[in-house]
Amino acid sequence: MPKRRENMIKKILLFGLMAISIHTNVFAANIHMKYDIIKTKVIMQTRNYVTLYNNDKIPEKNKNFVTNDFAPQNENNLDVFFLNTGESAVNVTLFKKGLFNAKAKINSFEVKPQEYIAKEIPYISSESFYLELDSESEISGHLRVRQFEN
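Residues numbered from 1 in each chain as written. Predicted model: local features only at pLDDT ≥ 70, side-chain atom pairs only at ≥ 80, totals over all residues. Heavy atoms only, no water.

Colleague: I'd love a proper account of the environment of F81, names of residues and values included.
Modeller: Mapping F81 onto the fold places it in strand β3 (residues 78–84). By relative accessible area, which is 13% here, F81 ends up buried. In sequence terms F81 and I117 are 36 residues apart; their C-alpha atoms lie 5.7 Å from each other. Contact partners of F81, with chain neighbours within four places excluded, come to Y116, I117, A118, H142, L143 and R144. (Helix = DSSP H or I, 4+ residues; strand = E, 2+ residues; numbered from the N terminus. Buried < 20%, exposed > 50% of the residue type's maximum accessible area, 1.4 Å probe, protein only. Contact = heavy atoms within 4.5 Å.)

This is the structure we're talking about:
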């Protein structure tokens, strides 16, 4: 009986050590992942950028909103951000202005109510661009376009 009890104690201790080891590895992985996320946010926040368009109070009376024209300042990607504070989804579409006011659709994305999206769009040209926002109900939110400096 003492031998059996000794084996049982060894198994319990071994199981406990394995549980502690797994918990420690998971805890360390979570710390590392959180550190990487924080480090990425700090890097993104410390980079200099040029704001090409910013409107933090899009009027709530329209189902369609069109920005003024803006042009890239360098050859870096565009960062288009929209915070939707309205009650229905909003389609955000980037257009490039061509000759004789012709327009070419470059990119579009949908932002659900009470959510935001920051979309990075590859550099295309130094020509003028504008954004159109469309929704089934009144649009409300914060729209910003910026470009990181060299």
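That covers the picture; the talk isn't over yet.
Colleague: Any details on the sheet that holds strand β2 (residues 64–66)? Residues and values, ideally.
Modeller: A sheet is described by the order of its strands in space; here 4 strands give the open sequence β2-β7-β4-β5, paired in antiparallel fashion. Looking at strand neighbours, the two that pair on one side only are β2 and β5 (103–111), the edges of this open sheet. Averaged over all pairs of adjacent strands, the angle between their axes in this sheet comes to 20 degrees, without regard to strand direction. Pairing of β2 with strand β7 (residues 129–135), which is carried by 3 bridges, proceeds in the antiparallel orientation. (Pairing = 2+ DSSP bridges. Axes fitted to C-alpha atoms, helices over the stretch in contact; angles between N-to-C directions.)

Colleague: Tell me about unusual backbone geometry, and please be specific about residues and values.
Modeller: A positive phi is found at Q114, a non-glycine position, where the angle reads about 60 degrees. In this structure, Q114 sits in the loop between β5 and β6 (116–121). For Q114, a relative accessible area of 56% puts it in the exposed group.

Colleague: Before we move on, can you summarise the side chain of S140 with the specific residues and values?
Modeller: Its place among the elements puts S140 in the loop between β7 and β8 (141–148). The exposure class assigned to S140 is buried, which follows from its relative accessible area of 10%. A distance of 2.8 Å separates the side chain of S140 from the side chain of T85, its partner in a polar contact. (Polar contact = N/O pair within 3.5 Å; in protein donor to acceptor, adjacent residues only side chain to side chain.)

Colleague: I'd like a description of the pattern of salt bridges, backed by residues and values.
Modeller: Pairing is possible between side chains that carry opposite charge, provided their charged atoms lie close to one another. By the definition in use, this model includes 4 salt bridges. The closest approach of N and O atoms between D79 and R146, which form a salt bridge, is 2.9 Å. Placement of the pair is D79 in strand β3 and R146 in strand β8, with a sequence separation of 67 residues. The class of D79 is buried, set by a relative accessible area of 9%. Residue class for R146 comes out buried when judged on its relative accessible area of 12%. With its nearest N and O atoms 3.4 Å apart, the salt bridge here joins E132 to K103. Remark: K103 occurs in strand β5 and E132 occurs in strand β7; sequence separation between them is 29 residues. (Salt bridge = Lys/Arg side-chain N within 4 Å of Asp/Glu carboxyl O.)

Colleague: Outline the environment of K57, listing residues and values.
Modeller: In this structure, K57 sits in strand β1 (residues 49–58). The spatial distance from the C-alpha of K57 to the C-alpha of S140 is 7.1 Å, given a sequence separation of 83 residues.

Colleague: Please give an account of the nonpolar core that cites residues and values.
Modeller: Counting 20 residues, the largest nonpolar core has F82, V92, L131 and L133 as the members making the most contacts within it. Those elements that provide at least two residues to this core are β1, β3, β4 (90–97), β5, β7 and β8. Contact partners of V92, with chain neighbours within four places excluded, come to V80, F82, N107, S108, F109, V111, L131, E132 and L133. (Core = buried A, V, L, I, M, F, W, Y, C linked by side-chain atoms within 4.5 Å.)

Colleague: Before we move on, can you summarise the packing of aromatic side chains with the specific residues and values?
Modeller: How two aromatic rings sit relative to each other is set out by the distance from centre to centre and by the angle between their planes. Under the criterion given, the structure shown has 4 aromatic pairs. For the pair F81 and Y116, a centre-to-centre distance of 5.7 Å together with 40 degrees between the ring planes defines the contact as tilted. With F81 in strand β3 and Y116 in strand β6, the pair connects residues that are 35 residues apart, well separated along the chain. Here Y116 falls in the exposed class, since its relative accessible area comes to 55%. Cation over ring: K103 sits above F95, and NZ or CZ is 4.6 Å from the ring centre. The ring of Y49 is capped by R146, whose NZ or CZ atom sits 4.1 Å from the centre of that ring. (Phe/Tyr/Trp six-rings, centres within 6.5 Å; stacked < 30°, edge-to-face > 60°. Lys NZ or Arg CZ within 6 Å of the ring centre and 35° of its normal.)

Interpretation in functional terms is not warranted from these geometric data alone.
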